[in-house]
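Chains, contacts and geometry: an overview
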Amino acid sequence: MPEQTDTRPAGPAAPPGPAAAAKPDSAVIRDALGVGIAVGLSGFAFGVTSAGAGLSLLQTCALSLLVFTGASQFALVGALAAGGNPLTAAAGAFFLGTRNAFYGLRLSTVLGYRAGVRPFAAHWVIDETSAVTLAQPDRRSARLGFTVTGLSLYALWNLTTLVGALGAEALGDTDAWGLDAAGPAVFLALLAPMLKTAVERAAAGLAVVVLLVTLPLLPAGVPVLLAALAAPAVLAVQGRRERAREARPAREPGAGRDGTPAHRDGGADSDTTTGEDRA
């Protein structure tokens, strides 16, 4: 009797087992705490900067408790300190904070939290928690990294914000300490490794150029709004190039430079003159 073979279509390959993708909890916690502590300490700089911009202790602490997105907070108080309109400053901070919505779309599938948990987890969706979460190999490690990073960073950021706001008067001139650059420096350090493609680097470079050119010319807060247009501008140019490349007719093998096919006898056009005729 001939040997029977299984002709059923093979299903999708099974995911690697826990042993192949597992990461020790201690390693996840160590990385998460490292990010949470390092970035959380910069809340001191925000507290000092916010107090120096004229915000009260209550307003400063409320921003860290309720907004909790460092770059947007620094953008807001920086624009106010420069004399910008509060509405313009708030708009700049808002548009800068919209990146967290895109982080949330990605993290929702990675973390897989229930609907009742998502509103609370959304408050911790920022650059640092996203970076730690997406670096994990499985859902369990991702949840652990997200929780430890979010909890440590939220607690320390708010604590150091309070300390910074209380100690602003003791420091005197905050500009002399350069603390207003701490927040943007942390943000750039986190952003730089993510710029892997030419399109991403072009968008970041164009945003920097727009910001530097418009900063001394326009009211505070407006340059940030204009710099945010760099990303859609670069994407529009990239899309136009891709459409032009797809629309360009592919030249046949052996075609002339103008795209016309060559004759089978080897001529590029209709020139079929033989060597004897030329003679």
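Preceding block: the structure.
Here's what I pulled together on the structure shown here. Bear in mind that the values here come from a model prediction, so they are computed numbers and not experimental data.

1. Observations regarding the overall build of the protein chain
What the protein chain contains, in helices and strands, is 16 helices and 0 strands. Across the 279 residues in the protein chain, those meeting the buried criterion constitute 30%. The long-range fraction of contacts in the protein chain, counting pairs at least 24 apart against all pairs at least 6 apart in sequence, stands at 71%. Per element, the accessible surface of the protein chain, about 17,600 Å² overall, is 65% carbon and sulfur.

2. Regarding the packing of aromatic side chains
Tallied over the entire structure, the rule returns 6 aromatic pairs. Here a set of aromatic residues connected by ring pairs shows up, and it is made of Phe46, Phe74 and Trp157.

3. What about the packing of helix 5 (residues 70-81) against helix 6 (residues 86-97)?
Relative orientation of the contacting elements helix 5 and helix 6 amounts to 160°, with a least axis distance of 8 Å. With respect to each other, helix 5 and helix 6 are oriented roughly antiparallel. Like other packed secondary-structure pairs, helix 5 and helix 6 cross with a definite hand, here right-handed. Residue-level contacts link Ala71, Ser72, Ala75, Leu76, Ala79 and Leu80 of helix 5 to Pro86, Ala89, Ala90, Ala93, Leu96 and Gly97 of helix 6. Looking at the contact of helix 5 with helix 6, its residues break down into 10 nonpolar, 2 polar and no charged.

4. Considerations on the environment of Ala38
Secondary-structure assignment places Ala38 in helix 2 (residues 25-40). Along the primary structure Ala38 and Leu156 are separated by 118 residues, whereas in three dimensions their C-alpha atoms are 9.6 Å apart.

5. Considerations on the nonpolar core
Membership of the largest hydrophobic core comes to 24 residues, with the highest contact counts inside it found for Phe46, Leu63, Phe68, Leu111, Phe146, Leu153 and Trp157. Of all the elements in the fold, those that place two or more residues in this core are helix 3 (43-52), helix 5, helix 6, helix 7 (99-111) and helix 10 (139-171). Apart from residues no more than four positions distant in its own chain, Phe46 is found in contact with Thr60, Leu63, Ser64, Gln73, Phe74, Val77, Trp157 and Thr161.

6. Notes on a nonpolar patch on the surface
Together, Leu206, Val209, Val213, Leu217, Leu218, Leu226 and Leu229 give the surface a local cluster of nonpolar side chains, amounting to about 600 Å² of exposed area. In terms of residue count, helix 13 (residues 198-214) provides more of the nonpolar patch than any other element does, 3 residues in total. On the secondary structure map, Leu217 appears in the loop between helix 13 and helix 14 (222-227).

7. Observations regarding the packing of helix 4 (residues 57-67) against helix 5
The N-to-C vectors of helix 4 and helix 5 enclose an angle of 150°; their axes lie 10 Å apart at closest approach. Accordingly, the angle class assigned to the pair helix 4 and helix 5 is roughly antiparallel. Our pair here, helix 4 against helix 5, has a crossing hand that is right-handed. Where helix 4 approaches helix 5, its residues Leu63, Ser64 and Val67 are matched on the opposing element by Gln73, Leu76 and Val77. Residue classes in the contact of helix 4 with helix 5 are distributed as 4 nonpolar, 2 polar and no charged.

8. Remarks on the environment of Asn100
In this fold, Asn100 is placed in helix 7. Considering only alpha carbons, one finds Asn100 and Thr69, 31 residues apart in sequence, at a separation of 8.6 Å.

9. Brief notes about the pattern of salt bridges
Between side chains of opposite charge, a pair can form as their charged atoms come close. Under the defined criterion, the tally for this structure stands at 4 salt bridges. Note that Arg140 is salt-bridged to Asp25, the shortest N-O span being 2.6 Å. One end of the pair, Arg140, is in helix 10; the other, Asp25, is in helix 2, and 115 residues separate them in sequence. Judged by relative accessible area, Arg140 falls into the exposed class, the value being 55%. Residue Arg30 pairs with Asp31 through a salt bridge whose shortest N-O separation is 3.4 Å. Ionic contacts of the salt-bridge type, sharing partners, join the residues Lys23, Arg30 and Asp31 into one network.

10. A look at helix 2
Its 16 residues give helix 2 an end-to-end C-alpha distance of 22 Å, which sits within 8% of 22 Å, the value for a rise of 1.5 Å per residue. Burial in helix 2 covers these residues: Ala27, Val28, Ala32, Gly36, Val39 and Gly40.

Cut-offs and rules
- For every chain, the first residue of the written sequence is number 1, and numbering continues from 1 along that sequence.
- This being a predicted model, a pLDDT of at least 70 is required before a residue's local features are given, and a value of 80 or more before pairs of side-chain atoms are given or counted; all residues contribute to the totals for chains, interfaces and linings.
- Side-chain metrics rest on all non-hydrogen atoms present in the structure, leaving aside hydrogens and water.
- Secondary structure elements follow DSSP: runs of H or I of four or more residues count as helices, runs of E of two or more count as strands, with numbering from the N terminus.
- Residue exposure (1.4 Å probe, protein chains only): buried if accessible area is under 20% of the type maximum, exposed if over 50%, otherwise partly exposed.
- The contact criterion used throughout is that any non-hydrogen atoms of two residues lie within 4.5 Å.
- Only the protein chains shown count as cover for residues, with accessible areas throughout obtained via the Shrake-Rupley method and a probe of 1.4 Å.
- Between rings of Phe, Tyr and Trp, where Trp is taken as its six-membered ring, a pair exists when centres lie within 6.5 Å; planes separated by under 30 degrees are stacked, by over 60 edge-to-face, and by other angles tilted.
- Axis angles are defined between N-to-C directions and span 0 to 180 degrees, where every axis is a line fitted to C-alpha atoms and, for a helix, only to the segment in contact.
- Angles below 35 degrees are treated as roughly parallel, those above 145 as roughly antiparallel, those between 65 and 115 as roughly perpendicular, and all remaining angles as oblique.
- Take the far helix as your reference; a near helix turned counterclockwise from it by less than a right angle gives a left-handed crossing, and one turned clockwise gives a right-handed crossing.
- Throughout, the ten residues Ala, Val, Leu, Ile, Met, Phe, Trp, Tyr, Cys and Pro are labelled nonpolar, Asp, Glu, Lys and Arg are labelled charged, and all others, Gly among them, are labelled polar.
- We call a set of buried Ala, Val, Leu, Ile, Met, Phe, Trp, Tyr and Cys residues a nonpolar core when their side-chain atoms join them within 4.5 Å.
- Note that patches include only residues with greater than 30% relative accessible area and no salt bridge, and the join distances are 9 Å for like charges and 5 Å for nonpolar side chains (Val, Leu, Ile, Met, Phe, Trp, Tyr).
- Only one rule defines a salt bridge in this text: a Lys or Arg side-chain nitrogen within 4 Å of an Asp or Glu carboxyl oxygen.
- The length a helix should cover is 1.5 Å for every residue beyond the first.

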